[in-house]
Amino acid sequence: MNKFKKLTIKDVLKGEEDYVGESLKVIRKEDGDINAFITVVEQSSGKIPIAVKDNIVTEGIRTTCASKILEDFIPPFDATVVEKLKKNNFAIVGKTNLDEFAMGTGTEYSAFFVTKNPWDKERVAGGSSGGSAAAVASGEVVAALGSDTGGSIRQPAAFCGVIGFKPTYGLVSRYGLVAFASSLDQIGPITKTTKDAAYLMNVIYGKDERDATTVDKKIDFEVLLEKDFSKAVVAYPEEVFGEGVEEGVKKQFEEFIKFLEKKGVKVEKISFPELKYSVATYYIIAPAEVSSNLSRFDGIRFGTRVEEKGLLETYLKSRKQLGVEVIRRIMLGTFTLSAAYYDAYFEKAQKVRRLISNRLNNFLEKYDFIITPTSPITAFKIGEVRDPLVYYMMDIFTIPANLAGLPAISIPFGFSGNLPVGMQIMGKRFDDPKVLGFANFIERDVPVVFPWEAKK
């Protein structure tokens, strides 16, 4: 069974057999402890077993967004990325857990259950794509899809010690992704190797007439995988050593810099004071879009209806199926969009978003990549974090790439207290193959380690 658990997409493609049965065996054995899946698909056709986050619609397969209001929703169509997976011989073996409507950083806000980290089952797997990351790290599937609005692919990938890639905004269709914040959302792969991430990107990217934000651009994501990046010049913001970053993460990041320098890469420190505004900016823009996007889930247009005597009472009762974090963000967004506060909050946040975006683009004119830790902390214990502001600050290093629409990847690099630490590499818009190539340049010396084979 361990042989299957380590298989990559590339390994599966070399053979003649399909591995759906093997994947289902591992899910039956492992998932009772991990809770990566909301729905397991027992009858799935295709060669390469893959998991899909449960906010991406799948024809005939329940899509819940980990919310009670969509608990019984069975979509009548496939998302564009799902259509592409099926055409390329991928078999969807299940839909993975997430924070409700992708709002959270630990799957603790799922309406159903918490996904546990395969490295330490007392800890979260990260979020919101925690189910997808845990399914890959535990070897239940060969690869998975997640969605990333403020770090929801990269942070759980870092917590679980696997690869998580957020593409440039507009390269992957969002048609069929249940919208959280439309100007930030992007679908991407979670895999065991960078090569697999590049392969999956070649499958799922492309212009889609059903998503007006997609771009018509021809890209080969695998073209730079074997390139020598020893002459690359990278930058890191001095602010990554600031308050709120765990000592173990700081130490690993210092080791990462030394490792790159040994490989010939030139590493320079930069000042990025605007970084401290990224979380506040994100938590004005994203909730504002949430308040609009989720208004449709009222039990009348979409979502399970809870019948009451009057229309207003039916609306109110139906909306009460939404969880506490979703309601908090809807209220925040409704407030910042209100006529009295629009200029003071939303308009100002859009200006700061432009400022952060311009700053990053200026850096990337001089440097090939910007590197940071993916998360300021390693996986925390389930139930340990109660303050929403503490939760939100965990996204400080991942949010800038979403605000600017840039490609960014999280790769595992060492451990702190027996827990994986992820490093983030951010590149210029549409430099996705270069980001993947640089990640693979590192991975040649630092391959992914799986929980069942690690020496603790």
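Residue numbers run consecutively from 1 along every chain, following the written order of its sequence. Where local features are concerned, this predicted model is filtered to residues with pLDDT of at least 70; where side-chain atom pairs are given and counted, the filter is 80 or more; whole-chain, interface and lining totals use all residues. Values shown for side chains rest on all heavy atoms present in the structure; no hydrogens or waters enter the calculation.

> Describe the overall build of the protein, naming the residues involved and giving the relevant values.
Along its length, the protein carries 15 helices and 13 strands. Taken over the C-alpha trace, the protein has a radius of gyration of 21 Å; the compact-globule value for 456 residues is 23 Å, and the two agree within 12%. Taking the principal axes of the C-alpha coordinates as reference, the protein spans close to 70 × 55 × 45 Å. Burial classification: accessible surface area is computed with a 1.4 Å probe over protein chains only, and a residue below 20% of its type maximum counts as buried, one above 50% as exposed, and the rest as partly exposed. Of all 456 residues assigned to the protein, the portion counted as buried reaches 61%. Restricting the contact set of the protein to residue pairs at least 6 apart, pairs at least 24 apart contribute 75%. In the form shown here, the protein has an accessible surface area of approximately 17,600 Å², with 51% of it arising from carbon and sulfur atoms. Comment: elements are numbered from the N terminus, with helices defined as DSSP H or I runs of at least four residues and strands as E runs of at least two. Using C-alpha atoms as the atom set, the radius of gyration is obtained and then compared with a globule rule of 2.2 Å times the number of residues to the power 0.38. Any pair of residues with heavy atoms lying within 4.5 Å of one another is described as a contacting pair. Calculation of accessible area relied on Shrake-Rupley with a 1.4 Å probe; when residues are assessed, cover is drawn exclusively from the protein chains displayed.

> How would you explain unusual backbone geometry if you had to name every residue and give the values?
In this structure, Ser128 follows Gly127 across a cis peptide bond, with omega equal to 5°. Summarising the element assignment, Ser128 is placed in the loop between strand 5 (120–124) and helix 5 (130–137). Backbone geometry places Asn35, a non-glycine residue, at a positive phi of 60°. Here Asn35 lies in the loop between helix 3 (20–34) and strand 1 (37–40).

> A description of the packing of aromatic side chains should follow, citing residues and the corresponding values.
Any pair of Phe, Tyr and Trp rings, taking the six-membered ring for Trp, is counted once the centres come within 6.5 Å. Such a pair is stacked with planes under 30 degrees apart, edge-to-face with planes over 60 apart, and tilted for the rest. For the structure shown, the criterion picks out 28 aromatic pairs. Seen from their ring centres, Phe159 and Phe380 are 6.2 Å apart, and the 85° between their planes marks the pair as edge-to-face. Within this pair, whereas Phe159 is found in helix 6 (residues 154–160), its partner Phe380 is found in the loop between strand 11 (369–373) and helix 13 (388–393), the two being separated by 221 residues in sequence. Judged by its relative accessible area of 1%, Phe159 is buried. Residues Phe272 and Phe363 carry aromatic rings whose centres are separated by 5.8 Å and whose planes lie at 85° to one another, so their mutual orientation is edge-to-face. Taken together, the positions of Phe272 in the loop between strand 10 (266–270) and helix 9 (278–293) and Phe363 in helix 12 (residues 342–366) put the pair 91 residues apart, joining distant regions of the chain. Assigned by exposure class, Phe272 and Phe363 land together as buried. By definition, being over a ring means that NZ of Lys or CZ of Arg is both within 6 Å of the ring centre and within 35 degrees of the ring normal. A cation over an aromatic ring shows up here: Lys217 above the ring of Phe430, its NZ or CZ 4.7 Å from the ring centre. The ring of Phe369 carries the charged tip of Lys434 above its face, separated from the ring centre by 5.6 Å.

> Any details on the UniProt feature "domain: Amidase" (unreviewed entry) in the protein? Residues and values, ideally.
UniProt positions are given in the numbering used here, feature names are shortened, and annotations may be inferred rather than shown by experiment. Taken from the UniProt record, the annotation "domain: Amidase" (unreviewed entry) applies to residues 48–436. Annotated as 34% helix and 17% strand, the span residues 48–436 places its first and last C-alpha atoms 22 Å apart.

> Explain the UniProt feature "active site" (unreviewed entry) in the protein residue by residue, including any values.
In this numbering, the UniProt entry assigns the feature "active site" (unreviewed entry) to Lys53, Ser128 and Ser152. Look at the named residues: they lie 100 residues apart in sequence, but the longest C-alpha span between them is just 10.9 Å, so in the fold they bunch up. With respect to the helices and strands, the residue Lys53 is situated in strand 2 (residues 48–53). Setting aside chain neighbours within four positions, we find Lys53 in contact with Lys95, Thr96, Leu98, Ala102, Ser128, Ser129, Ser132, Leu145, Gly146, Ser147 and Ser152. Within the structure, Lys53 has its side chain in polar contact with the side chain of Ser129 (distance 2.9 Å). Ignoring any residue separated from it by four or fewer positions in sequence, one finds Ser128 in contact with Lys53, Asn97, Leu98, Asp99, Ala102, Met103, Gly104, Thr107, Ser147 and Ser152. Polar contacts here mean pairs of N or O atoms no more than 3.5 Å apart (in protein, one a potential hydrogen donor and the other a potential acceptor; neighbouring residues in sequence count only if both atoms are side-chain atoms).

> Any chance you could break down the nonpolar core for me, citing the residues and the numbers?
The criterion is simple. A nonpolar core is a set of buried Ala, Val, Leu, Ile, Met, Phe, Trp, Tyr and Cys residues joined through side-chain atoms within 4.5 Å. In terms of nonpolar packing, the biggest core is built from 125 residues, with Phe101, Leu260, Ile371, Ile425 and Phe438 touching the most fellow members. For this core, the leading source of residues is helix 9, giving 8 residues. Within the second largest apolar cluster, 22 residues are counted, among which are Ile27, Val93, Ala135 and Val136.

> A description of helix 15 (residues 432–443) should follow, citing residues and the corresponding values.
In this scheme, a helix's expected span is set at 1.5 Å multiplied by one less than its residue total. Look at helix 15: 16 Å from first C-alpha to last across 12 residues, which is about the 16 Å you get at 1.5 Å a residue. Burial of helix 15 is extensive: 11 of the 12 residues sit out of reach of the surface. If you check which residues of helix 15 are buried, you get Asp432, Pro433, Val435, Leu436, Gly437, Phe438, Ala439, Asn440, Phe441, Ile442 and Glu443.

> Describe the pairing of strand 5, and please don't skip the residues or the numbers.
Put simply, side chains in a regular strand alternate between the two faces of the sheet. With 2 bridges joining them, strand 4 (residues 116–117) and strand 5 adopt antiparallel strand pairing. Bridge assignment links Lys116 to a residue of strand 5, and that residue is Val124. Joining the antiparallel neighbours strand 4 and strand 5 is a turn of 2 residues. Two strands make a pair as long as DSSP finds a minimum of two bridges between them.

> Summarise the side chain of Ser291; cite the residues concerned and give the values.
Looking at the element boundaries, Ser291 is found in helix 9. The class for Ser291 is buried, based on a relative accessible area of 13%. Leaving out residues up to four positions away in the same chain, Ser291 has contacts with Ile330, Gly333, Thr334 and Leu337.

> Residue-level account of the sheet that holds strand 9 (residues 233–237), with values.
Strand order in the open sheet made by the 11 strands is 1-3-2-6-8-7-12-13-11-9-10, with mixed pairing throughout. Looking at the sheet topology across the chains shown, the edges are occupied by strand 1 and strand 10. Here the average twist between neighbouring strands, direction ignored, is 30°. Where strand 7 (residues 163–166) lies against strand 12 (residues 408–416), 3 bridges are found, and the strand directions are antiparallel. Angular values range over 0 to 180 degrees, each being the angle between N-to-C directions of two axes fitted as lines to C-alpha atoms, with helices fitted over their stretch in contact.

> I'd love a proper account of the packing of helix 9 against helix 12, names of residues and values included.
Relative orientation of the contacting elements helix 9 and helix 12 amounts to 125°, with a least axis distance of 9 Å. As the angle between them shows, helix 9 and helix 12 are arranged oblique. Between helix 9 and helix 12 the crossing geometry is left-handed. On helix 12, the residues touching Ser278, Thr281, Ile284, Ile285 and Ala288 of helix 9 are Tyr345, Phe346, Ala349, Gln350, Val352, Arg353 and Ile356. By the definition adopted for this analysis, an angle is roughly parallel if under 35 degrees, roughly antiparallel if over 145, roughly perpendicular if from 65 to 115, and oblique otherwise. Helix crossings get a hand from a simple test, with the near helix turned counterclockwise from the far one by less than a right angle marking a left-handed crossing and a clockwise turn marking a right-handed one.

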